[in-house]
Amino acid sequence: MVQVLDLPPVLPNAQDEEAGASKFCPGCGHGMVLKTLAFAIDDLNIKDKTVFGCDIGCSLLSWNYMDVDSVQTHHGRTTPVIYGVTRANPEIIGIAYMGDGGGLAIGAQHLVNAAVRGEKMLAILVNNTNYGMTGGQMAPTTMPGQKTETTPYGRDCSVTGKPAKGAEMVSSIVDPEKTYVARATVSNLRALRKTFKKALNNVQQGGFSFVEVLSVCPLNWRTNNVDTWGRLKTMEEFFEVKEFVSREGLEG
Amino acid sequence: MVNKLIKEDTKMFLTGNEVLAYAANAAEADFMYGYPITPQNEIMHTWCKLLPKTEAGFLQTEDEISAGFSTIGGILAGRRAFTATAGPGNVIMQDAMSMAEMMRIPFVCAVMQRGGPSTATVIYAQQETTLTCFGGNGEGYRIVYSTAGHQDLFDYMIKAFNTAWKYKFPTFILADGYQGKMREPVMLYDPASRGITMEKTPAILRSGVSADMKANHIRNTFNLEEELMEELDKYEEEFNRIAPEIEEYEEYKADDAEILIIAHGIVARSAMTAIDELREKGIKAGLFRPITIRPLAVKPLRAACQRAKQILFTESANGQLARMVLEKIYGITTPYSTLYKMGVGVTGDDLVQKVESMVKTPAAI
């Protein structure tokens, strides 16, 4: 006799259970990042103060994922919408959720200027080394030699330049007294939850936080689970996973 | 709450850009997001100079893309926020304006037109009329007031906030650098003294959402083509339904006009001087000036065109308003002529000469 376990999944309070199953592709990293973010929001009990904004690209599928007021914006424009919100109402904890294209290509000027001005918000950049939604083109973060639809013979850095390193770039332009910058990975969700908590605590103290999360895109990478994990590990060697900037006494 | 500076009727001698900042304050606007571009800079200069008294907010953004989108953010957070731009800034701000169209965000922007295409000239043109009315991708709905002077700038800037928040369509003040930089006497007043109540500005993205309130998820993406069409059909129906409440126009000696000049903005004022001069010479000229360029006041416009023997379209552009008008007066056979000066002011003398030539050799189109 087969016994079916009929237990509901443990959902964070800040995740909208009515949204149903995740709309991301099987194996995608976004669901893990978002669920971890929702747990961090629960941990800090800030759900009623949080406003969530998402970009275009795969990240837009998170528009109704969180059980907080949310706005889906245009490609690259989540950062200005969110600092528009938090400038207008500083009580709000604003989160701008984007991919590597939204943060480091089409919306790079907003990320740079939000970081320099120390906008009171958390920018989350999910780095999966390609443009997922549009079918797997080269992103600013595509690894040297990586095959994508627009680098079918592998990324040639002598032509395209080297991969953009978001966390390093942001940490070089921020005011270290008021900023939290880290790179985390979906291979360690416990650490990611701590990172998000520190980032959100920093925002609560009026600072700017930037978290780059290394993630996976098995569909466009055309990888099975073993190779997906392997690719993520290679990324972790190339993109250093650590805290780059943290103010003193920040709790995670 | 912002502190209102004008508590009683105050006559001042101001530039148009200054007037817009005072008008926004009179309308209790409490946040401006902006990026410098000539000829609208003095709106933000004035706004910033007044900040210690008004206790409003200001953010100088990194570009007009950001100015547009952060204005949207401010509005979503429940502020009566606005921005201003011109020329190439108006082009790149269309990204945000189209989001405001799709999501029915009460976006308010003053456009002070300059010459184009490209960087072109920095002070004057009427070449952003089409862009301001129809600039987004897709077919969004907007309301555009074209002002002709400083009292208009004050009156319609206040009105723009109420129109935007009442109907939830992005609303524009369309002026130009001549109006922005020129000084004129203007009567500033508290809107309440004219019986104007400012619309409430409830937050769409809220803080303090209690556990029993459903989260508000807003988006501009649709899954299905039909889903989009259904939404846009609703917008169109609503826009057409409210248009008669919004439409505004001005006629000047148009009742018995044989030659009807159709002009908007500051060019309409040149037309009025020309009409007075022409009337002294016994030529029956008149003016139809649409104040709302979108929506156009179609019924009175058609009636005026029907009455006249000839029509003259004149613009500091190559017929941007004329194209919108011609579509709306389809079927009317009154012949017309044009006086277009791309990016250059139209003077009263220009129009007197043109109308006199139309008396001698009537328009044939």
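Residues numbered from 1 in each chain as written. Chains lettered and ligands numbered in written order. Predicted model: local features only at pLDDT ≥ 70, side-chain atom pairs only at ≥ 80, totals over all residues. Heavy atoms only, no water.

Visitor: What's the story with the interface of chain B and chain A in this structure? I'm lost.
Guide: By a widely used convention, the size of an interface equals the accessible area lost when the partners come together. Listed as interface residues are 34 residues of chain B and, on the opposing side, 34 residues of chain A. Each partner contributes to the roughly 2700 Å² buried at the junction of chain B and chain A, and carbon and sulfur atoms together form 56% of this total. Among the residues of chain B in contact with chain A, Glu62(B), Leu205(B) and His217(B) are the three that bury the most area, contributing 22% of the side total. A salt bridge links Asp95(B) to Arg77(A), with the shortest nitrogen-to-oxygen separation between them at 3.1 Å. Joining chain B to chain A, the criterion identifies 19 residue pairs in polar contact (both at pLDDT 80 or more). (Contact = heavy atoms within 4.5 Å. Buried area = accessible area lost by both parts, 1.4 Å probe. Salt bridge = Lys/Arg side-chain N within 4 Å of Asp/Glu carboxyl O. Polar contact = N/O pair within 3.5 Å; in protein donor to acceptor, adjacent residues only side chain to side chain.)

Visitor: Would you mind showing me how to read the pattern of salt bridges here?
Guide: Charged atoms that come close allow side chains of opposite charge to pair. Within the structure shown, the criterion is met by 36 salt bridges over all chains. For Arg117(A), the salt bridge is made with Glu119(A), and the minimal N-O distance between the two is 2.6 Å. The class for Arg117(A) is partly exposed, based on a relative accessible area of 25%. Measuring nitrogen to oxygen at the nearest pair gives 2.5 Å for the salt bridge that ties Glu168(A) to Arg183(A). You can see Glu168(A) sitting in helix 6 (residues 166-171) and its partner Arg183(A) sitting in strand 7 (residues 179-185), a full 15 residues away along the chain. Via salt bridges that share partners, Arg87(A), Arg117(A), Glu119(A) and Glu62(B) belong to a single interconnected network. (Buried < 20%, exposed > 50% of the residue type's maximum accessible area, 1.4 Å probe, protein only. Helix = DSSP H or I, 4+ residues; strand = E, 2+ residues; numbered from the N terminus.)

Visitor: Please explain the layout of surface pockets as it appears in this structure.
Guide: The method is simple in principle: a probe with the dimensions of a water molecule rolls over the atoms, and the space it marks as empty is what remains. All names here are of chain B. Volume-wise, the largest pocket comes out at about 530 Å³. Lining the largest pocket are 21 residues, with Phe134, Tyr141, Phe239, Arg294 and Lys328 positioned closest to its centre. Looking at the lining of the largest pocket, the elements that each hand over two or more residues are helix 9 (225-246), strand 13 (292-294) and helix 12 (320-328). Domain assignment of the residues forming the lining of the largest pocket places at least three in each of domain 1 (10-194) and domain 2 (250-360). Its volume calculated, the second largest pocket comes out at about 350 Å³. (1 Å grid on protein atoms, 1.4 Å probe; cavity = no way out; pocket = protein on both sides within 12 Å on 5 of 7 lines; lining within 4 Å. Points joined across faces, edges and corners; volume = space filled by probe spheres on them. Domains from an automatic or database assignment.)

Visitor: What is the right way to look at the domain arrangement of chain B in this model?
Guide: Residues and elements named next belong to chain B. By the assigned domains, chain B splits into domain 1 (10-194) and domain 2 (250-360). Summarising the inter-unit geometry, the C-alpha centres of domain 1 and domain 2 are found 27 Å apart. Domain 1 puts 27 residues into the contact, and the matching count from domain 2 is 22 residues. Summing both partners gives a buried area of about 2000 Å² for domain 1 against domain 2, and 52% of it is carried by carbon and sulfur. At the junction of domain 1 with domain 2, the criterion picks out two salt bridges. Linking Asp152 and Arg289 is a salt bridge whose minimum nitrogen-to-oxygen distance equals 2.6 Å.

Visitor: Got a minute to help me understand the nonpolar core in this structure?
Guide: A general trend in soluble globular proteins is that nonpolar side chains are found buried together. Judged by nonpolar contacts, the single largest core of 120 residues is most densely connected at Phe208(A), Phe82(B), Phe154(B) and Ile262(B). The element that contributes the greatest number of residues to this core is helix 7 (residues 150-167) of chain B, accounting for 10 residues. Looking at this core, you find at least three residues from each of domain 1 (10-194) and domain 2 (250-360) of chain B. Not counting residues within four places of it along the chain, the set of residues in contact with Ile262(B) comprises Phe288(B), Leu301(B), Cys305(B), Ile311(B), Leu312(B), Phe313(B), Thr314(B), Leu321(B) and Val325(B). Among the nonpolar cores identified, the runner-up in size contains 42 residues, and Val33(A), Ala38(A), Ala199(A) and Leu232(A) belong to it. (Core = buried A, V, L, I, M, F, W, Y, C linked by side-chain atoms within 4.5 Å.)

Visitor: Even after reading the chapter, I still don't get the packing of aromatic side chains, so can you show me in this structure?
Guide: For any two aromatic rings, the description comes down to two numbers: the centre-to-centre distance and the angle of the planes. Enumeration over the complete set of coordinates arrives at 14 aromatic pairs over all chains. Measuring from ring centre to ring centre gives 6.4 Å for Phe107(B) and Phe172(B), while their planes differ by 50 degrees; the resulting arrangement is tilted. With Phe107(B) in the loop between helix 5 (87-103) and strand 5 (108-113) and Phe172(B) in strand 7 (residues 171-176), the pair connects residues that are 65 residues apart, well separated along the chain. Both rings, one in Tyr124(B) and one in Tyr178(B), keep their centres 4.0 Å apart while their planes meet at 5 degrees; by these two values the pair is stacked. A residue pair is termed long-range when its members are at least 10 positions apart, and Tyr124(B) in the loop between strand 5 and helix 6 (129-134) and Tyr178(B) in helix 8 (residues 177-181) qualify at 54 residues. One aromatic cluster is present, built from ring pairs that chain together Trp47(B), Phe82(B) and Phe161(B). Its end group placed over the ring of Phe238(A), Lys165(A) keeps NZ or CZ at 4.5 Å from the ring centre. Across the ring face of Phe239(B), the terminal group of Arg294(B) is positioned such that the distance to the ring centre comes to 5.5 Å. (Phe/Tyr/Trp six-rings, centres within 6.5 Å; stacked < 30°, edge-to-face > 60°. Lys NZ or Arg CZ within 6 Å of the ring centre and 35° of its normal.)

Visitor: Where do I start with the packing of helix 1 (residues 30-44) of chain A against helix 7 (residues 189-204) of chain A in this structure?
Guide: Packed helices, taken two at a time, are described by their axes: the angle between them and the distance between them. All names here are of chain A. Remark: helix 1 packs on helix 7, axes separated minimally by 9 Å, with the N-to-C direction vectors making an angle of 55 degrees. As the angle between them shows, helix 1 and helix 7 are arranged oblique. The interaxial crossing formed by helix 1 with helix 7 has right-handed handedness. Of helix 7, the residues touching helix 1 (which contributes Met32, Val33, Thr36, Leu37, Phe39, Ala40, Ile41, Asp43 and Leu44) are Leu189, Leu192, Arg193, Phe196, Lys197, Leu200 and Asn201. Here the contact of helix 1 with helix 7 is composed, by residue class, of 11 nonpolar, two polar and three charged. (Axes fitted to C-alpha atoms, helices over the stretch in contact; angles between N-to-C directions. Parallel < 35°, antiparallel > 145°, perpendicular 65-115°, else oblique. Left-handed = near helix turned anticlockwise from the far one by under 90°. Nonpolar A, V, L, I, M, F, W, Y, C, P; charged D, E, K, R; others polar.)

Visitor: Whenever I open this one, unusual backbone geometry confuses me. Can you help?
Guide: As a rule of thumb, non-glycine residues mostly have phi less than zero, and peptide bonds are mostly trans rather than cis. Residues and elements named next belong to chain B. Residue Pro39 follows Thr38 across a cis peptide bond; omega there is 10 degrees. Among the structural elements, Pro39 can be located in the loop between strand 2 (31-34) and helix 2 (41-49). The linkage connecting Arg294 with the following residue, Pro295, adopts the cis geometry, with an omega of 0 degrees. When you line up the elements, Pro295 lands in the loop between strand 13 and helix 11 (298-307). One non-glycine residue, Glu55, lies in positive phi territory at about 60 degrees. For Glu55, the position within the fold is in the loop between helix 3 (51-54) and strand 3 (57-60). We classify Glu55 as exposed; its relative accessible area is 57%. For Lys253, which is not a glycine, the phi torsion comes out positive at approximately 50 degrees.

Visitor: Just checking my understanding: could you explain the sheet that holds strand 12 (residues 285-290) of chain B for this structure?
Guide: Residues and elements named next belong to chain B. Sheet architecture is open: five strands sit in the order 10-12-11-14-15, paired in mixed fashion. Each edge of the sheet is formed by a strand with only one pairing partner; in this case those strands are strand 10 (249-252) and strand 15 (336-340). If you compare each strand with its neighbour and ignore which way they point, the axes differ by 20 degrees on average. Here five bridges tie strand 14 (residues 310-315) to strand 15, and the two strands are oriented parallel to one another. (Pairing = 2+ DSSP bridges.)

Visitor: What's the story with the sheet that holds strand 3 of chain B in this structure? I'm lost.
Guide: The strands making up a sheet are joined through hydrogen bonds of the backbone, oriented either antiparallel or parallel. Residue and element names in this part refer to chain B. If you walk across this open sheet you meet the seven strands as 3-2-4-5-7-6-13, and the pairing is mixed. Across the chains shown, the open sheet's two edge strands, defined by having one partner strand only, are strand 3 and strand 13. Pairs of neighbouring strands in the sheet enclose a mean axial angle of 25 degrees, with direction left out of account. One ladder, built from four bridges, connects strand 6 (residues 143-146) with strand 7; its direction is parallel.

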